[in-house]
Amino acid sequence: MQKLLCLEADRHAIRITVNSFGTELSKCDRQSLFADFGNLHPEGQSRLMQCESFDEVRNILSTYPDLQKLTSATSFHEIDKGMRRLELEYCQQTFEVQFNFAIFYAFTKFQENELSNLLWLCECIAQQQKANLDEGMVHVGP
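Comments concerning the packing of helix 5 (residues 76-94) against helix 6 (residues 102-126)
- Where helix 5 contacts helix 6, the axes come no closer than 9 Å and their chain directions differ by 140 degrees. Comparing the axis directions of helix 5 and helix 6 gives the class oblique. As helix 5 packs across helix 6, the resulting crossing turns out to be left-handed. In this structure, helix 5 contributes Arg84, Glu87, Leu88, Cys91, Gln92 and Thr94 to the contact, and helix 6 contributes Ala102, Ile103, Tyr105, Ala106, Lys109, Phe110, Asn113, Ser116 and Asn117.
- Of the residues contributing to the contact of helix 5 with helix 6, the split by class is seven nonpolar, five polar and three charged.

Next comes the structure, spelled out in structure tokens:
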């Protein structure tokens, strides 16, 4: 459960950083929105606070072993999709541990992912963009 919560805190820190580029949000305000835990806490979050571009965010992520897979991304959408995939891998691992309430959390995350994938499929079909079906979906499993 700790890995899942740390990943969620890291995802929010990255989202806050990327979405605050070009806004009035100051660096101090940005830091106050970060969680007090996670793999990026405290050093990575202080480095994220100083970021001014997407490339700087990727460079910070490259220093963390769990998040190194995400550094090949060229957009925030790809990083977010990679973090969702990583989250679902962690959720799969919770089913291997007995007597743990993380299973309920993981189950709801799987349901959220399923609904997100269905929504993406419906939007692609409604907009007649069937060639883009795989772009927004996150697959789990072998």
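Describing the packing of aromatic side chains
- Scanning the model with the defined rule gives two aromatic pairs in all.
- Aromatic side chains Phe95 and Phe110 sit 6.0 Å apart centroid to centroid with 25 degrees between the ring planes, which places their arrangement in the stacked category. With Phe95 in the loop between helix 5 and helix 6 and Phe110 in helix 6, the pair connects residues that are 15 residues apart, well separated along the chain.
- Using a relative accessible area of 42% as the deciding quantity, one classes Phe95 as partly exposed.
- Residue Phe110 is classed as partly exposed on the basis of its relative accessible area, which comes to 22%.

Quick notes on the rules
Per chain, residues are indexed from 1 in the order of the written sequence. Only residues with pLDDT of at least 70 are given local features in this predicted model, and only at 80 or more are side-chain atom pairs given and counted; all residues enter the totals for whole chains, interfaces and linings. Hydrogens and water molecules were not included; the side-chain quantities draw on all heavy atoms of the structure. Fitted lines through C-alpha atoms serve as axes, helices being fitted only where they are in contact, and the angles separating the N-to-C directions of these axes extend from 0 to 180 degrees. Helix and strand definitions here come from DSSP, where helices need a minimum of 4 consecutive H or I residues and strands a minimum of 2 consecutive E residues; each element is numbered from the N-terminal end. Oblique is the label for every angle not falling under 35 degrees (roughly parallel), over 145 degrees (roughly antiparallel), or within 65 to 115 degrees (roughly perpendicular). For a crossing to be left-handed, the near helix must be turned anticlockwise from the far one by less than a right angle; the clockwise case is right-handed. Any two residues whose heavy atoms approach within 4.5 Å are treated as being in contact. Following the grouping adopted for this structure description, the nonpolar residues are Ala, Val, Leu, Ile, Met, Phe, Trp, Tyr, Cys and Pro, the charged ones are Asp, Glu, Lys and Arg, and the polar ones are all others, Gly among them. Here is the rule: rings of Phe, Tyr and Trp (six-membered ring for Trp) pair when centre to centre is within 6.5 Å. Planes less than 30 degrees apart are stacked, more than 60 are edge-to-face, and the remainder are tilted. For the exposure calls, accessible area comes from a 1.4 Å probe over protein chains only, and a residue counts as buried if that area is under 20% of its type's maximum, exposed if over 50%, partly exposed in between.

Taken by themselves, the reported measurements are silent on function.
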